[in-house]
Structures are given as structure tokens and as C-alpha cells.
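An overview of the molecular structure
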Amino acid sequence: MKSFSFLVASLALVAPAAAKAPALHVSGWARAGVGSSAAYVSVHNSGAADRLIGASSPAAASVTIHDSQNSGGVMRMRAAGAVSVASGGMIAMKPGGLHIMLSGLKAPLKPGTTLPLTMRFEKAGLVRASLPVLPPGAQGPAAGGHHGH
Ligand SMILES: [Cu+2]
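Residues numbered from 1 in each chain as written. Predicted model: local features only at pLDDT ≥ 70, side-chain atom pairs only at ≥ 80, totals over all residues.

1. Topic: the overall build of the protein chain
Rules: Secondary structure counts use DSSP, requiring at least four H or I residues in a row for a helix and at least two E residues in a row for a strand, with both numbered from the N terminus. Whether a residue is buried, exposed or partly exposed follows from its count of other C-beta atoms within 10 Å of its own C-beta, namely 20 or more, 12 or fewer, or something in between, respectively; the C-beta atoms are built from the backbone. Throughout, a pair of residues is in contact if the C-beta atoms placed from their backbones lie within 7 Å.
Of the regular secondary structure elements, the protein chain holds 1 helix and 10 strands. Listing each helix as α and each strand as β along the protein chain from the N terminus yields α-β-β-β-β-β-β-β-β-β-β. The buried share of the protein chain, taken over its 149 residues, is 23%. Looking at the protein chain alone, contacts between residues at least 24 apart form 67% of all its contacts between residues at least 6 apart.

Now the structure itself:
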């Protein structure tokens, strides 16, 4: 009996060391909002080329990857489809461009809280992130002032 429980304990110690470091590093933020809002993430890929194919959040009924385009002075959004990320490359979402659309928010997204987001990649599978929620007019994390474009 004693040697059996010792064996189980040893296996438990070995398992975490065998796990690979994640190849996809996700950071970003979400904008406060009621009903619908958007999240902007940066994905750094230190592994093999991959594609972002979807996202979900328990906070929203529908989560879609969108792109914004200026057509004749009017900003329009459309579904972006899969977004490729090269090995060693990155996906950089920002206001006025690629973003994650959150529709059917189950509760207002309030500044100072966090948004749980799960991103789905073709090869890496599910990557979870917890994004800080910034005030409604935010253009990004306040790091040394306003990035006006
Ligand atoms: Cu959108």
C-alpha cells in the first residue's frame, strides 16, 4: 500500500514538467458597454503558423471576429473569417480595425472588471484570456497618454 501511494505522488510531480510552454501569448482589453461591445487582443505566436478561427465568452451570447473598413467615409464592420498568424508573427487588433465583437452581453461590461474570453485556434486549440475592461471611450490601455489616429 505504501509503495503504491508513493508511485502516484511521483507521477503527479512529473506530469507538469512535461507540459510545453504555450506558443500563443494573448493580451488585450475590452471596452465597457451595454448590449454589445468589442475586445481587442494581441496574439504573439512563438510556435507553428496557426489561424484564429473563433472566440467565445460566457459574458456574451455571440462573439465574432470582425474587421472594420472605411468605405466612402463610412466605417463598416464585417465578419473577418479566419485570421492567420505566422510562426513568429502576431495578430494586433485595434479600434478601427480587426476586433472581437461581443453581442448580446448578459450584463453591462463595467470598467475595472475583467472579461473572460476563449479564443479558438485551428492547431493550438482553445486559448483562454482574462481581459481588463476599460472605459467606453478608451482607445487602449493608458500607457503614457492618448494614441490619437
Ligand atoms: Cu464589429
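2. Overview of the nonpolar core
Applied cut-off: Among buried residues, those of type Ala, Val, Leu, Ile, Met, Phe, Trp, Tyr and Cys that are joined through C-beta atoms within 7 Å form a set called a nonpolar core.
Ranked by internal contacts, the top residues of the largest apolar core, which has 27 residues, are Ala39, Ile100 and Leu115. When neighbours within four sequence positions are excluded, Ile100 is seen to be in contact with Ala38, Ala39, Val41, Ala55, Val63, Ile65 and Met93.

3. Observations concerning the pairing of strand S1 (residues 24–31)
Put simply, the rule is: Two strands qualify as a pair provided that DSSP identifies no fewer than 2 bridges between them.
Pairing geometry for S1 and strand S2 (residues 36–45), over 7 bridges, is antiparallel. Along S2, the bridge assignment pairs Ala30 with Ala39. Hairpin connection between S1 and S2: a loop of 4 residues separates the two successive antiparallel strands, and Gly35 in this loop has a positive phi of roughly 85°. Pairing of S1 with strand S10 (residues 125–134), which is carried by 2 bridges, proceeds in the parallel orientation. Residue pairing across strands places Ala30 opposite Val133, the latter belonging to S10.

4. Things to note about the environment of Gln69
Positionally, Gln69 belongs in strand S4 (residues 60–71). Gln69 sits in the exposed class, given 11 other C-beta atoms within 10 Å. With 29 residues separating them along the chain, Gln69 and Leu98 place their C-alpha atoms 9.1 Å apart.

5. A closer look at the environment of Thr114
Counting through the fold element by element, Thr114 comes out in strand S9 (residues 114–121). Sequence separation of Thr114 and Trp29 is 85 residues, and the distance between their C-alpha atoms is 8.5 Å.

6. Quick look at the confidence of the model for the protein chain
Put simply, the rule is: Values of pLDDT, which run from 0 to 100, indicate the predictor's confidence residue by residue.
Summary statistics for the protein chain give a mean pLDDT of 86 and a share of 81% for residues scoring 70 or more. This model gives residues 144–149 a pLDDT under 50, and the stretch forms 4 contacts once residues within four places in sequence are excluded.

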